[in-house]
Amino acid sequence: MAVSAAAVALMIVGVSHAQASDARSSASRSDSAAIVKLVPESVTTRPDPLRAKEVRAQGCWVTEASFRAVTVLGFTFYRFHHRADWCQDGSRVNGVHFRTHWFSEVSSQAFPRSIESDFVTPAPSWEVTSFKKHLVENCVFDAGCISSTHPWVKLILRGDATWSYEAGQN
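Per chain, the residues get numbers from 1 upward, laid out in the order the sequence is written. Local features are withheld for residues below a pLDDT of 70 in this predicted model, meaning they are given only at 70 or higher, and side-chain atom pairs are given and counted only at 80 or more; totals for whole chains, interfaces and linings count all residues. Calculation of side-chain values draws on the structure's entire complement of heavy atoms; hydrogens and water are dropped beforehand.

(A) The arrangement of the overall build of the chain in detail. Working definition: helices are DSSP H or I runs of at least four residues, strands are E runs of at least two. Numbering for both runs from the N terminus. Counting secondary structure elements, the chain contains three helices and nine strands. The order of α-helices and β-strands along the chain, N terminus first, is α-α-β-α-β-β-β-β-β-β-β-β. The classification of residues rests on relative accessible area computed with a 1.4 Å probe and restricted to protein chains. Under 20% of the type maximum is buried, over 50% is exposed, and intermediate values are partly exposed. Per-residue burial for the chain yields a buried fraction of 42% across its 170 residues. In the chain, the proportion of contacts linking residues at least 24 apart, taken out of those at least 6 apart, comes to 54%. Only heavy atoms enter the contact rule, under which two residues are in contact if any of them lie within 4.5 Å.

This is the structure we're talking about:
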């Protein structure tokens, strides 16, 4: 049985030839053709003592989360990272002084497009949220873009130097 390169590409992203031909029209695009789930890969916080000394804070921290988008076949589609650098005084977050995001391990069919939402709640406050949401399209060379996903990461930073996270896609 001979299989074309296009058919292999379509099998990797989890769509059939019929779905690919339907996907050429924007009205029939599926937002879940390739991505099954977003899996936490690494969520860490490390101290930033130099920054704490500079701003005379009880503690300053670098919190970074990365999540891997997994395809139907279990392959990595992309890895989405979000980082926030912040300081606290024991009862409140004094501020978030640096925030960024990036992609790594991007599949040849994954195309990160634009930021859809990017905010940080006001500080000083007991709890501050840093949120990033991005558009990623799933494009196949002969079928065009056949689906999209919207990964997001929320870092919840607290004045007592604790933190948590949430992530997902929609």
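Once the structure has been displayed, the description carries forward.
(B) Broad picture of the state of the cysteines. By convention in this document, the label disulfide applies to cysteine sulfur atom pairs within 2.5 Å. Applying the stated rule across the entire model yields two disulfides. Note that cysteine 60 is cross-linked by a disulfide to cysteine 87, the S-S spacing being 2.0 Å. Looking down the S-S bond of the cysteine 60 and cysteine 87 bridge, the torsion is 105 degrees, so its handedness is right-handed. Of this pair, cysteine 60 sits in strand E2 (residues 59-71) while cysteine 87 sits in strand E3 (residues 76-88), and the two are 27 residues apart along the sequence. Comparing cysteine 60 with cysteine 87 shows no difference in burial state: the two are buried. Between the sulfur atoms of cysteine 139 and its disulfide mate cysteine 145 the distance is 1.9 Å. Its S-S torsion of about 85 degrees marks the bond between cysteine 139 and cysteine 145 as right-handed, since a negative value means left-handed. Disulfide connectivity for the chain, with bonded cysteines indexed by sequence position, reads 1-2, 3-4.

(C) How the structure looks around the nonpolar core. Put simply, buried Ala, Val, Leu, Ile, Met, Phe, Trp, Tyr and Cys residues joined by side-chain atoms within 4.5 Å make one nonpolar core. If you look at the biggest cluster of nonpolar residues, it comprises 17 residues, and the most contacted ones within it are Phe77, Tyr78, Val136, Val153, Leu155 and Leu157. Listing elements by their share of this core, those giving two or more residues are E2, E3, strand E4 (93-104), strand E6 (127-140) and strand E8 (151-158). With five residues, E3 is the single largest residue contributor to this core. For leucine 155, the residues in contact, after removing those within four places along its chain, are Thr63, Ala65, His82, Arg83, Ala84, Val128, Thr129, Ser130, Ser164 and Tyr165.

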